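# What the coordinates show
Below are the chains, spelled out letter by letter.
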Amino acid sequence: MCVPDGSFADLGVNQPIKEGRGIKPQEAIMGIKVVKFGGSSLADATQIQKAAAIIRADETRRYVVPSAPGKRFSADTKVTDMLYGCYALAEQGLAFQTELDAIQARYDDIIAGLGLDLSLADEFAVIADNFRKRAGKDYAASRGEYLNGKVIAAYLGFAFVDAAEVIFFAPDGNYDAEKTSASLRARLSELDHAVIPGFYGCGADGYVKTFSRGGSDVTGSIVADAVKAELYENWTDVSGFLVADPRIVENPAVIRTITYTELRELSYMGASVLHEAAIFPVRSAGIPINIRNTNAPDHPGTMIVPDSTDEELSAYTITGIAGKKDFTSINIHKDMMNSQIGFCRDVLSVLADHQIPIEHMPSSIDSMTVIVDSSYLKGVEQEVRTEIIKAVQPDTIDSEDDIALIAVVGRGMRRTRGVAARIFAALAHARINVRMIDQGSSELNVIVAVKGVDFEQAIRCIYDMFVTSVEE
Ligand code: ASP
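Residues numbered from 1 in each chain as written. Predicted model: local features only at pLDDT ≥ 70, side-chain atom pairs only at ≥ 80, totals over all residues. Heavy atoms only, no water.

## A closer look at the overall build of the protein chain
In terms of regular secondary structure, the protein chain is built from 14 helices and 15 strands. Relative to the globule expectation of 23 Å for 472 residues, the C-alpha radius of gyration of the protein chain, 25 Å, shows essentially globular dimensions. Projected onto the principal axes, the alpha-carbon positions of the protein chain cover approximately 75 × 55 × 45 Å. Here the protein chain, with 472 residues, has 50% of them falling under the buried criterion. For the protein chain, the proportion of contacts with a sequence separation of at least 24, taken over those separated by at least 6, is 76%. Only carbon and sulfur atoms are counted for the fraction: they give 49% of the accessible area of the protein chain, which is about 20900 Å². Across the protein chain, the mean location of the 46 positive side-chain charges is 2 Å away from that of the 65 negative side-chain charges. (Helix = DSSP H or I, 4+ residues; strand = E, 2+ residues; numbered from the N terminus. Rg over C-alpha atoms; globule rule 2.2 N^0.38 Å. Buried < 20%, exposed > 50% of the residue type's maximum accessible area, 1.4 Å probe, protein only. Contact = heavy atoms within 4.5 Å. Areas by Shrake-Rupley, 256 points an atom, 1.4 Å probe, with all protein chains shown as cover. Lys, Arg positive; Asp, Glu negative; His and termini not counted. Charge placed at Lys NZ, Arg CZ, Asp CG, Glu CD.)

If you want it as structure tokens, here you go:
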């Protein structure tokens, strides 16, 4: 149940979970696709009709995970943000009915546009009541997905399964994989088709709890894992991951296939389409994720595949380029540093004491450099420097900020000679000075550090070297 004291019993989330027939773990069920649609894919009736046409076009698209209605145009407000705003008023004891009515109007518009005979008036009365009872910020935000799920289930004629009955969080705040899988399997094994709203579940305290923003991606992945789907389709408003950031490179190519690990590398360096945590549930089950565009359903999108894949490699050798600005490099020099046991450890413990994570740590015989995100040094840089001096008595220590890191990622690097040479040739040709180089032992990425002013130009010239030159 998701209502410890019965105060939200009217939410209808505390029915007992029926013991189901279940699906044995690791048993891949051919023919089940789990489809998640993002907020922009469900922002209004027209978008929902597109999503429904996609679902109906393939009988194996059996389980649907919707987000809350997103933006209809760039200046619009997502329903989730409207709910947060509305609940903030309720929490302060201020009037919130006008704001709640505006949210209801969004759903009423959708319902009318879909020609449905459905009223959410009772649902909104319950929500208003629970807002007054301070049901919590997470409860408030979750209603976006909950209500959209109800509307979409009615439109598709699918069963509605409240996520608060089947997705559970552990006391540490992470989702409880075991309990969730068992309950999802039991429930879904009884249903050929169902809509399970994204973003929320039942917290360990019995109250509704959400994932972090964008968390419907995680719900989709959890559902796909629970039913051992053959594919998790994630429908959004772009045709997949791009080789480079379109704000930097004009009209970049779409990545056709990427492995889970490559994706981790790229998202760590700033590329984002999918929630960071969304790959973990399906990754362990080896289920691929297909990023697709609701507005261009014929485009194959990007396939995210297991690391052991023998999928065709990209024609470009590299899979993607991503990067981030605003790093600082701390350069420490000391003659004979190499023979001073514990030198690096002592430097790193100063950073650890200040809770500063390190990004990279290239070293030479008499010097080491530590690259850190500059924001962690704000207000403590002098103190950190003094403590490093005290800890290891270097000959010199200096730092340089405004460093940008660029990751060139690609499983194709392992089999191809000359990748690094081509990266450096591209940079040299553009007269960009490289401040640091790091190649991961996985041979999956090469990371270069450049001055912040060179960041965009560096990405463009690496893109041209590996992609434009191949396309021409
Ligand atoms: N609606 C939530 C958000 O805006 C979750 C999601 O869309 O995935 O973050």
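## A closer look at the site of the ligand
The local shell around the ligand consists of Ser 67, Thr 80, Glu 145, Phe 199, Arg 213, Gly 214, Gly 215 and Ser 216. In the model, a nitrogen atom of the ligand is placed 2.7 Å from a nitrogen or oxygen of the Thr 80 side chain. Between the ligand and Gly 215, the relevant distance is 3.4 Å, taken from an oxygen atom to a main-chain nitrogen or oxygen of the residue. Here the ligand, which alone exposes 260 Å², has 92% of that area covered by the protein. In this structure the site holding the ligand corresponds to the largest pocket. Tallied by class, residues from the shell around the ligand come to one nonpolar, five polar and two charged. (Near = heavy atom within 4 Å. Polar contact = N/O pair within 3.5 Å; in protein donor to acceptor, adjacent residues only side chain to side chain. 1 Å grid on protein atoms, 1.4 Å probe; cavity = no way out; pocket = protein on both sides within 12 Å on 5 of 7 lines; lining within 4 Å. Sits in = over half its atoms within 2 Å of the grid points. Nonpolar A, V, L, I, M, F, W, Y, C, P; charged D, E, K, R; others polar.)

## Here we look at empty space enclosed by the protein
By the definition in use, this model includes four cavities of 30 Å³ or more. Taken as a whole, the largest cavity holds about 70 Å³ of empty space. Leu 263, Ser 267, Leu 274, His 275 and Glu 276 are the residues nearest the centre of the largest cavity, which is lined by eleven residues in total. Per element, the largest residue contribution to the lining of the largest cavity is three residues, and it comes from helix H9 (residues 260-268). Here the residues of the lining of the largest cavity sort into six nonpolar, three polar and two charged. (Points joined across faces, edges and corners; volume = space filled by probe spheres on them.)

## Some remarks on the nonpolar core
Counting 121 residues, the largest nonpolar core has Phe 131, Leu 188 and Ile 406 as its most contacted members. If one sorts the elements of this core by residue count, helix H5 (residues 137-156) sits on top with nine residues. With near-sequence residues (within four places) excluded, Phe 131 lies in contact with Leu 83, Cys 86, Tyr 87, Ala 90, Phe 96, Leu 100, Tyr 139 and Ala 140. In terms of nonpolar packing, the next biggest core, distinct from the first, is built from 16 residues, Ile 332, Leu 351, Ile 356 and Val 370 among them. (Core = buried A, V, L, I, M, F, W, Y, C linked by side-chain atoms within 4.5 Å.)

## Re the confidence of the model for the protein chain
Scored by pLDDT, the protein chain comes out at a mean of 90, with 92% of its residues at no less than 70. With pLDDT under 50 throughout, residues 3-28 is counted as low confidence; its partners more than four residues away or in other chains account for 56 contacts. (pLDDT = per-residue confidence, 0-100.)

## Quick look at the environment of Ala 128
Inspection of the secondary structure assignment puts Ala 128 in helix H4 (residues 121-132). Among the residues examined, Ala 128 registers a relative accessible area of 4% and is labelled buried.

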